[in-house]
Amino acid sequence: QLQASGGGSVQAGGSLKLSCKVLGSSLFIDTMGWYRQTPAKGRELVTHITRGGQRNYVDAVQGRFTISRDNVKNTIYLQMNNLKPEDTAVYYCKAVRVRSGVRYAYWGSGTLVTVSS
């Protein structure tokens with residue numbers, strides 16, 4: 001349902017851009033977002049964006065990461081700037097479909113981001 005791409009390895013201070021595309025129907029897709037997972041912290045929310053464009057970020061990435069959404073292409077993006085070693089994680093995208101009052105969550109396969117000091 002979701003295809004994520006764009007991970008890689010960079011040095012601290014560098015940038016990466018992740019993409020996540022909804023495959024198939026995008027009907028009733030509401031909020032989409034990015035999570036990241038490490039062995040120490042498990043999976044945690046990074047940022048999300050509503051269909052209308054409202055954004056939220058966790059404090060750790062505020063000012064460095066930007067989420068955007070293209071509803072025509074059914075794709076969200078995560079521009080990550082000034083990356084830090086603590087941003088190293090597997091990043092997952094998530095989409096929530098709301099239909100008849102029921103919320104369905106879909107997850108993409110993870111993409112690894114490695115930031116070296």
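Okay, the sheet that holds strand β8 (residues 75-80) next. Pairing in this open sheet of four strands is antiparallel, and the strands run β1-β3-β8-β7 from one edge to the other. A strand with exactly one partner marks an edge of an open sheet, and here the two such strands are β1 (2-5) and β7 (65-70). Strand-to-strand, the axes of this sheet are offset by a mean angle of 15 degrees, without reference to chain direction. Pairing analysis gives six bridges linking β7 to β8, with the strands arranged antiparallel. In the sheet register, D70 faces β8, and the bridge partner there is T75.

In total, this model carries three salt bridges according to the counting rule given. Taking the shortest distance from any N to any O, the salt bridge between D87 and R36 comes out at 2.9 Å. Separated by 51 residues along the polypeptide, D87 in the loop between β8 and β9 (89-99) and R36 in strand β4 (residues 29-38) bring together distant segments of the chain. As far as burial versus exposure is concerned, D87 and R36 are alike and both buried. Connected through shared salt-bridge partners, R36, E44, R64 and D87 make up one network.

This next bit is on the environment of R51. Tracing the backbone through its elements, the reader meets R51 in the loop between β5 (42-49) and β6 (55-57). Placed 18 residues apart in sequence, R51 and R69 show a C-alpha to C-alpha distance of 7.9 Å.

Ranked by internal contacts, the top residues of the largest apolar core, which has 26 residues, are W34, F65, L78, M80 and Y91. Not counting residues up to four positions away in its chain, the partners in contact with M80 are G14, S15, L16, L18, R64, F65, Y91 and V113.

With that out of the way, let us pick up the pairing of strand β10 (residues 102-107). One ladder, built from six bridges, connects β9 with β10; its direction is antiparallel. When the bridges of β10 are listed, R99 appears paired with V102.

A word on the state of the cysteines. Applying the stated criterion across every chain yields a total of one disulfide. Across the disulfide from C20 sits C93; the S-S distance is 2.1 Å. Classification of the bridge connecting C20 and C93 rests on its S-S torsion, roughly 65 degrees, and on that basis the disulfide is right-handed. Of the two residues, C20 is situated in strand β3 (residues 16-22) and C93 in strand β9; the sequence distance between them amounts to 73 residues. Using a relative accessible area of 0% as the deciding quantity, one classes C20 as buried.

Each value, and the rule that gives it
- Residues numbered from 1 in each chain as written.
- Predicted model: local features only at pLDDT ≥ 70, side-chain atom pairs only at ≥ 80, totals over all residues.
- Heavy atoms only, no water.
- Pairing = 2+ DSSP bridges.
- Helix = DSSP H or I, 4+ residues; strand = E, 2+ residues; numbered from the N terminus.
- Axes fitted to C-alpha atoms, helices over the stretch in contact; angles between N-to-C directions.
- Salt bridge = Lys/Arg side-chain N within 4 Å of Asp/Glu carboxyl O.
- Buried < 20%, exposed > 50% of the residue type's maximum accessible area, 1.4 Å probe, protein only.
- Core = buried A, V, L, I, M, F, W, Y, C linked by side-chain atoms within 4.5 Å.
- Contact = heavy atoms within 4.5 Å.
- Disulfide = S-S within 2.5 Å.

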